[in-house]
Amino acid sequence: MQGNYTFYAFNVNGHTVAIYNTPAEALDELEYRLKECDTDEYSIEPIDGIWRMLERMGDFDDRYDDDWMEEVVMTASRLIMEKNEKPDSKKTSPEKQTAT
């Protein structure tokens with residue numbers, strides 16, 4: 001079953017280090033990282049749904065304390081709110097998206 005949200009994990013050497021709302025944001029991070037260091041192994045992969053996104057955040061360092069959990073909740077909320085603010089291209093024609 002597919003979730004309503006798709007996020008994009010940015011991985012370095014097999015560990016998730018960041019999560020983005022769009023593949024373009026993840027690709028920007030990849031471009032930046034490749035300029036800085038070409039010895040690490042990078043990957044971008046889609047994450048289907050909020051629950052799986054939260055599970056992937058468990059790959060981050062210093063997990064399980066209150067500060068970590070507070071950051072996870074705030075980050076997840078921000079990502080979800082940003083997704084909800086973007087126009088849904090499947091439901092709205094391009095003319096309606098650009099009209100203000």
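Residues numbered from 1 in each chain as written. Predicted model: local features only at pLDDT ≥ 70, side-chain atom pairs only at ≥ 80, totals over all residues. Heavy atoms only, no water.

1. What to know about the pairing of strand E2 (residues 15-20)
Put simply, the rule reads: At least two DSSP bridges between two strands are required for those strands to pair. Helical segments are the DSSP runs of H or I of at least four residues, strand segments are the runs of E of at least two, and each set is numbered from the N terminus.
Pairing of strand E1 (residues 6-12) with E2, which is carried by five bridges, proceeds in the antiparallel orientation. Across the sheet, residue tyrosine 8 finds its bridge partner in E2, namely tyrosine 20. Counting the residues between successive antiparallel strands, the hairpin from E1 to E2 contains two residues, one of them, asparagine 13, with a positive phi of roughly 50 degrees.

2. Quick word on the nonpolar core
Inclusion rule: Put simply, buried Ala, Val, Leu, Ile, Met, Phe, Trp, Tyr and Cys residues joined by side-chain atoms within 4.5 Å make one nonpolar core. When a residue's accessible area, from a 1.4 Å probe over protein chains only, is under 20% of the maximum for its type it is buried; when over 50% it is exposed; and in between it is partly exposed.
By size, the foremost hydrophobic cluster in this structure holds 12 residues: Tyr5, Phe7, Ala9, Ile19, Ile47, Met53, Met57, Trp68, Val72, Ala76, Leu79 and Ile80. At the level of secondary structure, the elements contributing two or more residues to this core comprise E1, helix H2 (50-57) and helix H3 (66-85). Looking at this core element by element, the count peaks at five residues for H3. Of all hydrophobic cores here, the second largest spans seven residues; its members include Val12, Ala18, Tyr20 and Tyr42.

3. Describing the packing of aromatic side chains
The test is simple: Between the rings of Phe, Tyr and Trp (Trp by its six-membered ring), a pair exists once the centres lie within 6.5 Å; its type follows the angle of the planes, with under 30 degrees stacked, over 60 edge-to-face, and the other angles tilted. Put simply, a charge is over a ring when the Lys NZ or the Arg CZ is close to the ring centre, within 6 Å, and near the line of the ring normal, within 35 degrees.
A complete count under the given rule lists two aromatic pairs for this structure. Taking 6.1 Å as the distance between ring centres and 15 degrees as the angle between the ring planes, the aromatic pair formed by tyrosine 5 and phenylalanine 7 counts as stacked. Here tyrosine 5 falls in the buried class, since its relative accessible area comes to 18%. Lysine 83 extends its terminal NZ or CZ atom over the ring of phenylalanine 7, reaching a point 5.3 Å from the ring centre.

4. Topic: the sheet that holds E2
To keep things clear, this is the line we draw: Structural elements are reduced to axes, namely lines fitted to C-alpha atoms, with helices fitted over the stretch in contact, and the angle between N-to-C directions of any two is expressed from 0 to 180 degrees. Note on contacts: a residue pair is in contact if any heavy atoms of the two residues lie within 4.5 Å.
The sheet built from three strands is open, its strands ordered E2-E1-E3 with antiparallel pairing. Here the strands that pair on one side only, and so sit at the sheet edges, are E2 and strand E3 (42-48). Going across the sheet, the axis of each strand differs from the next one's by a mean of 30 degrees, ignoring polarity. Set on the sheet, helix H1 (residues 23-36) makes contact with E1, E2 and E3; between it and E1 the angle comes to about 15 degrees. Helix-sheet contacts for H3 involve E1 and E2, and the interaxial angle to E1 is about 135 degrees.

5. As for the pattern of salt bridges
Opposite charge on two side chains permits pairing when their charged atoms draw close. Counted only if it meets this: By definition, a salt bridge exists where a carboxyl oxygen of Asp or Glu is found within 4 Å of a side-chain nitrogen of Lys or Arg.
Under the defined criterion, the tally for this structure stands at four salt bridges. Across the salt bridge formed by arginine 78 and glutamate 82, the nearest N and O atoms sit 3.3 Å from each other. One end of the pair is arginine 78 and the other is glutamate 82, both in helix H3 and four residues apart, which spans about a single turn.

6. A few points about the side chain of glutamate 29
For glutamate 29, the location among the structural elements is in helix H1. By relative accessible area, glutamate 29 is classed as buried at 17%. If near-sequence neighbours (up to four positions away) are discounted, glutamate 29 is found in contact with Phe10 and Tyr20.

7. Examining the confidence of the model for the protein chain
The condition that has to hold: The pLDDT value tells you how sure the predictor is about a given residue, anywhere from 0 up to 100.
Residues of the protein chain with pLDDT of at least 70 account for 79%, and the chain-wide mean is 80. Low pLDDT, under 50, characterises residues 89-100; the predicted model gives this stretch four contacts beyond four residues in sequence or across chains.

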